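What follows is each chain in one-letter form.
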Amino acid sequence: MIAVISFLKRAPTEASPAVQVNLSTPNSVVSNSQDAPPPPLPNVWIYDGEAYDLTDFIKRHPGGEFFIGRTKNRDITVLVNVLHRNPAKVKQVLKKYSLGRPATPADMHPKYDAPPFLFKPDFDGWRDTPRFNFEPQGQLLNAIRVRLKTPEMQARIAQMDFLFNLVTGLLAVIYVLVEGIRFGLPQFMPIYLFAPLMAMLRISLSGAGHYLIHRAQVRFNKVFAHVFDINYVPMAHVVMDGHTLMHHPFTQSEVDIKRNVFTAVMDLPRYYRVPLHTLHKLGHIWTGMFVRATELSLLGIRFGVQNLYGDWRRALPHYLGLWAMRALLCGECLIFVLHGDGLAWLAQFVLTLWISTFMIVASHDFEDDAAETTPDDSQDWAVQQIQNSYDLTMVGNKYIDCFLSAGLSPHRVHHVLPFQKSGFANIASEAIVREEAAKLGVAWDAPKNFFCDRLPVMARYYLLTPSRQAREENLSLLQEHLNPKALRTSLLYIYRGFIGVGSI
């Protein structure tokens, strides 16, 4: 055992950025050195180049405390304009909290108060955050909003949201029934039926969770948003930040950390990636995410929750949802194993994990480094969202695909209208978005099929390309897989899963 630990510790630094994960305090810069932490950043939120102090607004935010607390020391200009149905009303509220001075680089966290390995080494929040001008009235998002505000359209969207919630509840009931039949009447639920059914149900419920993390984080939604984690891939407690507040507003820019969520496997020798990533994620289920949940909880106790939630009463539902989902995922595994049915659990786990993992990166062209953009003030934000997102199809029916694709079938509308509460609402709004985009000459490409169009491309890129070491050192296939450095990297990757760091 001592030899193995020593072997891991000698792993190369370039292959182990994820080990440096450090969920910093709300007021400190992440540092990998032993130096004293830098002085606290001021309580500043940046809007349109001006400084604001929204500390007193955290508890009052109708969208929930988290979205205000987490954006401290960031530029919220894009968030205000794209995550609200009526940005003009929000801007009036902001005036009450103005500090009466321009924002400066010292007001902004250089790494967005996130683990720095998610960004390029030279990333700087002040310099690299895209800035858009939302004032021109001819912009696509403004034209869409005008048409969405009609009473008829609002009534239809409300109806779609209700139906989406109803289907979600039905899927939850079916999920319990399928597991119950496998336990009680296994002859009616053979493993070849159970595994794909569970994969579809987990992905579909995660699709509902995808929209729940975009909704106001208030009341019971603070708990239910964690259903996003049921497909074994994300962790809603932190994804609400990285996905909702960084990926959606700044798609394909250097702020978009979704570009890097699955790139750690590229350090592994190509033919080790499937088994090693599977073991890595099993480690997440058994111990890793409990370690991470404990870390998040202790950070709340140690540094206080007032910066994120205002107080513990408001924070508690978030933490309850976090721990409940960890207990559910691990508990299911334990029950199946004790019941002598561990193989059935493993089959559905592997199927769910790999389809879900590729879905995460299927909706954008993350395989092409040239796809990264740094928009300037002259670009229309909504146009850029359409141009950099894919709609996905699974079976060809939009309403079914909305769940089977984890919410990604009406993906372009979802990116243009991230404040909408459901995938069904986005489907109902698609004609308006497409028609208004056509008026500006924006092409609306046909959806891409996940299995035929995207999966082969992603499999070649993520699973079959040589490891970074092999490319850099021009190694043969045998050398790529058997050299000591690669073996250390592989063992370390498994170890990271059990301590809750790395990967998606």
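Residues numbered from 1 in each chain as written. Predicted model: local features only at pLDDT ≥ 70, side-chain atom pairs only at ≥ 80, totals over all residues. Heavy atoms only, no water.

Looking now at the overall build of the chain. Along the chain, the regular secondary structure elements total 21 helices and 5 strands. Within the chain, the proportion of its 504 residues that are buried is 56%. For the chain, long-range pairs separated by at least 24 residues make up 76% of all intrachain contacts whose partners lie at least 6 apart in sequence. In the form shown here, the chain has an accessible surface area of approximately 21600 Å², with 64% of it arising from carbon and sulfur atoms. (Helix = DSSP H or I, 4+ residues; strand = E, 2+ residues; numbered from the N terminus. Buried < 20%, exposed > 50% of the residue type's maximum accessible area, 1.4 Å probe, protein only. Contact = heavy atoms within 4.5 Å. Areas by Shrake-Rupley, 256 points an atom, 1.4 Å probe, with all protein chains shown as cover.)

This paragraph deals with the pattern of salt bridges. Overall, the coordinates contain 24 salt bridges when judged by the stated rule. Where Asp241 meets Arg70, a salt bridge forms, and the shortest distance between an N and an O atom there is 3.0 Å. Taken as a pair, Asp241 in helix 10 (residues 236-247) and Arg70 in the loop between helix 2 (65-69) and helix 3 (77-82) lie far apart in primary sequence, 171 residues in all. Here Asp241 falls in the buried class, since its relative accessible area comes to 4%. In this structure, Asp341 and Arg182 form a salt bridge, with 2.7 Å as the shortest nitrogen-oxygen distance. (Salt bridge = Lys/Arg side-chain N within 4 Å of Asp/Glu carboxyl O.)

The next subject is the nonpolar core. If you look at the biggest cluster of nonpolar residues, it comprises 126 residues, and the most contacted ones within it are Leu54 and Leu417. Broken down by element, the residue count for this core peaks at 10 residues, all from helix 13 (residues 342-362). Setting aside residues up to four positions removed in sequence, Leu54 forms contacts with Trp45, Ile68, Ile76, Leu94 and Tyr97. (Core = buried A, V, L, I, M, F, W, Y, C linked by side-chain atoms within 4.5 Å.)

A few words on the environment of Leu83. Structurally, Leu83 can be placed in the loop between helix 3 and helix 4 (87-94). The sequence separation of Leu83 and Gln420 amounts to 337 residues, and the corresponding C-alpha distance is 8.7 Å. Not counting chain neighbours up to four residues away, the residues in contact with Leu83 comprise Thr244, Leu245, Pro418 and Phe419.

Bringing the sheet that holds strand 1 (residues 45-47) into the picture now. Sheet strands line up and pair through hydrogen bonds in the backbone, either parallel or antiparallel. Strand order across the open sheet formed by 3 strands is 1-2-3, with antiparallel pairing between neighbours. Sheet topology places strand 1 and strand 3 (98-102) at the edges, where each strand pairs with a single neighbour. Strand-to-strand twist in this sheet, taken as the mean axis angle between neighbours without regard to direction, amounts to 35 degrees. Relative to strand 2 (residues 50-52), strand 1 is paired through 3 bridges, and the arrangement is antiparallel. Paired with Ile46 across the two strands is Ala51, which belongs to strand 2. (Pairing = 2+ DSSP bridges. Axes fitted to C-alpha atoms, helices over the stretch in contact; angles between N-to-C directions.)

A separate point is helix 17 (residues 423-439). The end-to-end C-alpha distance of helix 17, which contains 17 residues, comes to 24 Å, matching closely the 24 Å that a straight helix rising 1.5 Å per residue would cover. Counting buried residues along helix 17, 12 of its 17 residues qualify, which places the element largely inside the surrounding structure. Regarding helix 17, the residues found buried are Gly423, Phe424, Ala425, Asn426, Ile427, Ala428, Ser429, Glu430, Ile432, Val433, Glu436 and Ala437. Summarising the contacts, the buried residues of helix 17 are in contact with helix 6 (140-148), helix 7 (151-184), helix 8 (191-212), helix 14 (381-387), helix 15 (398-404) and helix 16 (411-416). (Expected span 1.5 Å × (residues − 1).)

Attention now goes to the packing of aromatic side chains. Considering all chains together, one arrives at 25 aromatic pairs under this definition. Consider the rings of Trp286 and Phe498, whose centres lie 6.3 Å apart with planes at 45 degrees: the pair is tilted. With Trp286 in helix 11 (residues 273-303) and Phe498 in helix 21 (residues 484-499), the pair connects residues that are 212 residues apart, well separated along the chain. Each ring, one from Phe290 and one from Trp323, has its centre 6.1 Å from the other, and the planes form 45 degrees; the classification is tilted. Highlighted residues: Phe290 in helix 11 and Trp323 in helix 12 (residues 312-338), separated in sequence by 33 residues. Classification of Phe290 by relative accessible area gives partly exposed; the value is 23%. The exposure class assigned to Trp323 is partly exposed, which follows from its relative accessible area of 31%. Taken together, the ring pairs in this structure connect Phe66, Phe67, Tyr309, Trp312 and Tyr319 into an aromatic cluster. Lying across the ring of Trp126, Arg131 places its NZ or CZ 5.5 Å from the centre. (Phe/Tyr/Trp six-rings, centres within 6.5 Å; stacked < 30°, edge-to-face > 60°. Lys NZ or Arg CZ within 6 Å of the ring centre and 35° of its normal.)

Glancing now at unusual backbone geometry. Outside of glycine, negative phi angles account for most residues, and trans bonds account for most peptide bonds. Residue Asn73 is not a glycine yet carries a positive backbone phi of 65 degrees. Not every positive phi belongs to a glycine, and Asp113 is a case in point at roughly 55 degrees. With respect to the helices and strands, the residue Asp113 is situated in the loop between strand 3 and helix 5 (125-128).

With respect to the helices and strands, Thr244 occurs in helix 10. Residue classification places Thr244 among the buried positions, given a relative accessible area of 2%. A polar side-chain atom of Thr244 sits 3.4 Å from the main-chain carbonyl oxygen of Ile213. Ignoring any residue separated from it by four or fewer positions in sequence, one finds Thr244 in contact with Phe67, Leu83, Ile213, His214, Val239 and Pro249. (Polar contact = N/O pair within 3.5 Å; in protein donor to acceptor, adjacent residues only side chain to side chain.)

Moving on: a nonpolar patch on the surface. A grouping of Ile191, Tyr192, Leu193, Leu343, Leu346 and Val350 is seen on the molecular surface, where their side chains present a nonpolar patch of about 550 Å² in accessible area. For the nonpolar patch, the secondary structure elements donating two or more residues are helix 8 and helix 13. Within the secondary structure, Val350 sits in helix 13. Judged by its relative accessible area of 31%, Val350 falls in the partly exposed class. (Patch = residues over 30% accessible without salt bridge, like charges linked within 9 Å, V, L, I, M, F, W, Y side chains within 5 Å.)

With that out of the way, let us pick up the confidence of the model for the chain. Per-residue pLDDT for the chain has a mean of 88; in total, 89% of the residues score no lower than 70. Here helix 1 (residues 2-9) is the element of the chain with the lowest mean pLDDT, 39, and helix 7 is the one with the highest, 98. In the predicted structure, residues 1-35 sits below a pLDDT of 50 and forms 64 contacts with residues beyond four places in sequence or in another chain. (pLDDT = per-residue confidence, 0-100.)

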